[in-house]
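# Geometric and topological summary
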Amino acid sequence: VIFDPVEELDVELTVNGRVHSRRVPVRRLLSDLLRDDLGLTGTHVGCEQGVCGACTVVLDGEAVRSCLMLAVQADGAELATVEGLAPAGPLSPLQQAFADHHALQCGFCTPGLLMTLSAADPADHPDDDAIRELLAGHLCRCTGYQNLVAAVRAAWGRE
Amino acid sequence: VTLVGAAVSRLEDDRLVRGAGHFVADVRLDGMVEVAFVRSRVPHARVRSVDTVAARALEGVLAVVTAADLAGVAPFPDWLDYARPVAAPLLCEHVRYVGAPIAAVVAADRYLAEDAAELVEVGYDELPAVATIAAALEPGAPRLFPDWPDNRVADHQAFDPEVEEALRAAPTVVRGTYRSGRHSAVPVETRGAVAEHRDGRLTVWSTTQSPHIERTTLALVLGVPEETIRVVAPDVGGGFGVKSHVYPEHALVPWLALRLGRPVRWIEDRGEHMTATCHARDQVHELEAAVDGDGRITALRSRIVCDVGSGELFFPGVAPSFVAGAMCTGPYRIDKAESSVTCVVTNKTPSGAYRGFGLPEAVFALERLVDRAARAAGVSPVDARRRMLLEAGELPYTTPSGARIDSGSHREAFELVVARCEEALAAARANDPAVRVGVGYANVVEGVAPTYYRATGRWKADDACTLRLDPDGRVVASAGVSGSGQGVETMVATLAAEALGLSLEAVAVELGDTDACPYGLGGWGSRSTVVAGGAILEAAAVLRAKVLAAAGRLLEAAPEDLVLAGGVHVAGAERRRVTLAEIADAEPGLEAGAVYDPPGVDHELDEDGRMNASATYVNGAHGAVVAVDVETGAVRILDYAVAHDCGTVLNPALVAGQIHGGVAQGIGGALYEELPYGSDGQPRVRTLADYLAPTATEIPHVAFEQLETPGPELPLGAKGTGEAGAIGPAAAIANAVSDALADLGVEITETPITPAAVRRLIREARAAL
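On a predicted model such as this, the values are computed, not experimentally measured, just so you know. (Residues numbered from 1 in each chain as written. Chains lettered and ligands numbered in written order. Predicted model: local features only at pLDDT ≥ 70, side-chain atom pairs only at ≥ 80, totals over all residues. Heavy atoms only, no water.)

### As for the pairing of strand 1 (residues 33-39) of chain B
Residues and elements named next belong to chain B. The buried count for strand 1 comes to seven of seven residues, which makes it a mostly enclosed element. The alternating pattern of strand 1 places Val-33, Val-35, Phe-37 and Arg-39 and Glu-34, Ala-36 and Val-38 on opposite faces, both of which are buried. Sheet topology note: the strand 1/strand 5 (residues 101-107) ladder contains six bridges and is antiparallel. Residue pairing for strand 5: Val-35 is matched across the bridge by Val-106. (Buried < 20%, exposed > 50% of the residue type's maximum accessible area, 1.4 Å probe, protein only. Helix = DSSP H or I, 4+ residues; strand = E, 2+ residues; numbered from the N terminus. Pairing = 2+ DSSP bridges.)

### Details of the environment of Glu-165 of chain B
Locating Glu-165 of chain B in the fold gives a position in helix 5 (residues 161-169). Residues Glu-165 of chain B and Arg-636 of chain B, 471 residues apart in the sequence, show an inter-C-alpha distance of 43 Å.

### Focus: the sheet that holds strand 26 (residues 573-578) of chain B
Backbone-to-backbone hydrogen bonds join strands into a sheet, with any given pair of strands oriented parallel or antiparallel. Residues and elements named next belong to chain B. If you trace the three strands from one edge of the open sheet to the other, you get 24-25-26, paired in antiparallel fashion. Of all the strands in the sheet, the pair left with one neighbour each is strand 24 (562-565) and strand 26. Strand-to-strand twist across the sheet, computed as the mean angle between neighbouring axes with direction ignored, equals 35°. Inspection of the sheet shows strand 25 (residues 567-570) paired to strand 26 by three bridges, in the antiparallel sense. Paired with Val-570 across the strands is Ala-573, a residue of strand 26. Helix 14 (residues 528-555) contacts strand 24, strand 25 and strand 26 of the sheet and is inclined by roughly 120° relative to strand 24. (Axes fitted to C-alpha atoms, helices over the stretch in contact; angles between N-to-C directions. Contact = heavy atoms within 4.5 Å.)

### Description of the interface of chain B and chain A
Facing 54 residues of chain B, the contacting portion of chain A comprises 49 residues. Regarding the contact of chain B and chain A, the summed buried area is about 4100 Å², with carbon and sulfur atoms giving 53% of it. Sorting the residues of chain B by area buried against chain A places Val-17, Tyr-111 and Val-188 of chain B first, and these three jointly supply 19% of that buried surface. Along the contact surface separating chain B from chain A lie five salt bridges. Here chain B and chain A share 27 residue pairs in polar contact (both at pLDDT 80 or more) between them. At the level of elements, helix 1 (13-17), helix 3 (110-119) and helix 16 (652-672) of chain B are the ones that each hand at least two residues to the side of chain B that touches chain A. (Buried area = accessible area lost by both parts, 1.4 Å probe. Salt bridge = Lys/Arg side-chain N within 4 Å of Asp/Glu carboxyl O. Polar contact = N/O pair within 3.5 Å; in protein donor to acceptor, adjacent residues only side chain to side chain.)

### As for the packing of aromatic side chains
Residue and element names in this part refer to chain B. Within this structure, the stated rule accounts for 13 aromatic pairs over all chains. Relative to Trp-524, the ring of Tyr-452 has its centre 4.7 Å away and its plane inclined at 50°; by these criteria the two rings are tilted. Of this pair, Tyr-452 sits in strand 19 (residues 452-453) while Trp-524 sits in the loop between strand 23 (507-510) and helix 14; the two residues are 72 residues apart in sequence, bridging distant segments of the chain. Neither residue differs from the other here; Tyr-452 and Trp-524 are each classed as buried. Through a chain of ring-to-ring contacts, three or more aromatic side chains come together here, namely Phe-76, Phe-314, Phe-315, Phe-357, Tyr-452, Tyr-453, Trp-459 and Trp-524. Arg-191 extends its terminal NZ or CZ atom over the ring of Tyr-247, reaching a point 3.8 Å from the ring centre. In this structure, Arg-527 packs its charged tip against the face of Trp-524, placed 4.9 Å from the ring centre. (Phe/Tyr/Trp six-rings, centres within 6.5 Å; stacked < 30°, edge-to-face > 60°. Lys NZ or Arg CZ within 6 Å of the ring centre and 35° of its normal.)

### What about the side chain of Arg-265 of chain B?
Structurally, Arg-265 of chain B can be placed in strand 12 (residues 264-267). Side-chain polar atoms of Arg-265 of chain B contact the side chain of Glu-34 of chain B, separated by 3.0 Å.

All quantities given are derived from atomic positions and should not be read as evidence of function.
In structure tokens:
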């Protein structure tokens, strides 16, 4: 089926445990659906090209770039965004480790990093080099990555 | 309370890790419409025609505006008396770089606005493009500004007969030409502005480091009274200097909101960012030094030429070159020096401020020359530096340009880094003798809290703070400085709490809102701690006296017998106490404001052409140990060490974080990041896929040593620390790579030091043998 890009389709998706139904143009990016239609502005957009990683969300258990997906492609999916990590409660261990280790400065890239890490299995990233490989899907211009590595180690009980 | 010196948790972090920060792109207003820009596809042309008919006809489009529609709008002012004035337009009729804004399309959403922007037909009368410094300076070169005699936007030629004589008489003279590549800050948050005109007031949410400067500038450009404008810089996702300028889009968005009577939003996309947000560096330093038998430079001649792009930037991008020239002698005892500066315009994106502001370029050039001078004299580069570095007993030391280096630990910092790196070098050699390794050093001195002209053209260095006691007993600190990730909110709260004997939780901070905060110059130039700190202390002393006087009336005690600690109690009788809330209830409206003007800052040159442009000077040493693969040309950093002295440390975690991040950006500029142009004036890098910002696998662990030499003339002794990390890496790494390749006759003279560049240099050196 070939759609006109401005043609609209219905999508239904679950975000942080809540079901949302929206009618969206088929060209609408998932990142725009999350930010503008659902008001979940914690997901940030830095390049719209899949390079910077700021827009990363977790879709059916996998970290994905929400700027590289159309909203309609997420129809039926289960998503997690940064807002779901610690809704109204104390910070998650990962969030707390970021704060404790000064692993964020401006905080713009932080939500994407948190989502990539929340979907990662520590066993797949056994040492600092592997943690750096995992972080390398994200650009951070503030921290120089050093305290990010320290925060991940702490959150994963490797201190 | 002893918050100063403790690694207190940042107030910013809770909201930011929850995704609950509030950035400009997060602003949502009823009826908000969006802007897309039509930008020049050619580097140099007169815009003959802009056909907007098809764009206007598209459903959902509210307006398409071009330069012809901007009657009553003034171009950006230009107050510099040492450069030719450039009146940067909001929309261009004469485009001077690819990416220059030509038309703005407003539509119901950004998708529709971009659809319409694609329908706008621009007719160009193309002009020959000037793509390099050499092409710009050629006699008869096409001129960017037809009423100028050439393409020099600033030209200051120095001649010092003492330097001339020293060069003539020296046993050894060394020369070198060093080019720092064109790159930029590339914050992960692009620029953006949202504007709303409601009830006679214009509110502009802007990704700016200087909200008050932006407000004053908008009033001038839009011709509306300044008191009707409110500029809000909410959370800003990294600035690093590029967001200290006031850009055309940030004036055009409020103008559109005024004209359309609707809230208007523009969020820069990354493609726009790479050519519409200022570039930086791109300086060529030609140095000539007199060298004595011990490898010491005794006199230095510096000639700087900078490619400032089209120059259409407010404030203008010529200033970093003059800072580079003024600081050309670094932290070394070089008593004779002269610097000439030429800034040329080319058909490229305007260049301007970026972390280090001319100093990464100056340090790269000087430190490469120091290595060359040492080798020419048969002295080790480490020993040559030891002989030239300013010793603590020599301070304050005034450089030939008039910079008054008040304090520091130059030698101590250097020795710390040398000890670490020499050990790392030996270990690397022992580990694998087949790997080609090298070590390099750089010493950094940086003026912080400098003079700057307000949007009105008056040169200033001061900033302001207001402290008020709210009815709930909390103290609200409002400051004129502004944050973009450094932790300014935490810094302001820490100092206010400390000065008033309160806990951090008892202080609230207001920043980045011109309605809430006293007039200030903003957050840039490593100035916030120095200037806000001074203002907070002065205001706190006044508020403390007022609070104690009020408490004295409640407690029927003399103010001098009272202690301010959380609440106020009578000394020796802790139960005779009142809370701050009770004081605020009894005497509402207690507040105090102060403006702090750092001492010793010159705002203009003296009759000898010298000035001290900064309040104080931070120092540090950088050392790099690298491995170079001669087959691939790849450079790998094996060890990186920094010893850094920013005076009294308010929060060690935040200082270390500034150095880590600065070093990462410095490494980016040294090895990876570049904004190249073709000889046709077309940018070759337009995306983050092509712009090689380093990731966690390129940036090494940085070994960091903190030194603490308080600034003697500052109320806290605390200096600024935002930029220092970015200043040393290019020099240290270039020296290390040159050391690793010394036997091949390769010397690094340009950044970025890409694998292709290394292979070419090796090839050329072999051919020359």
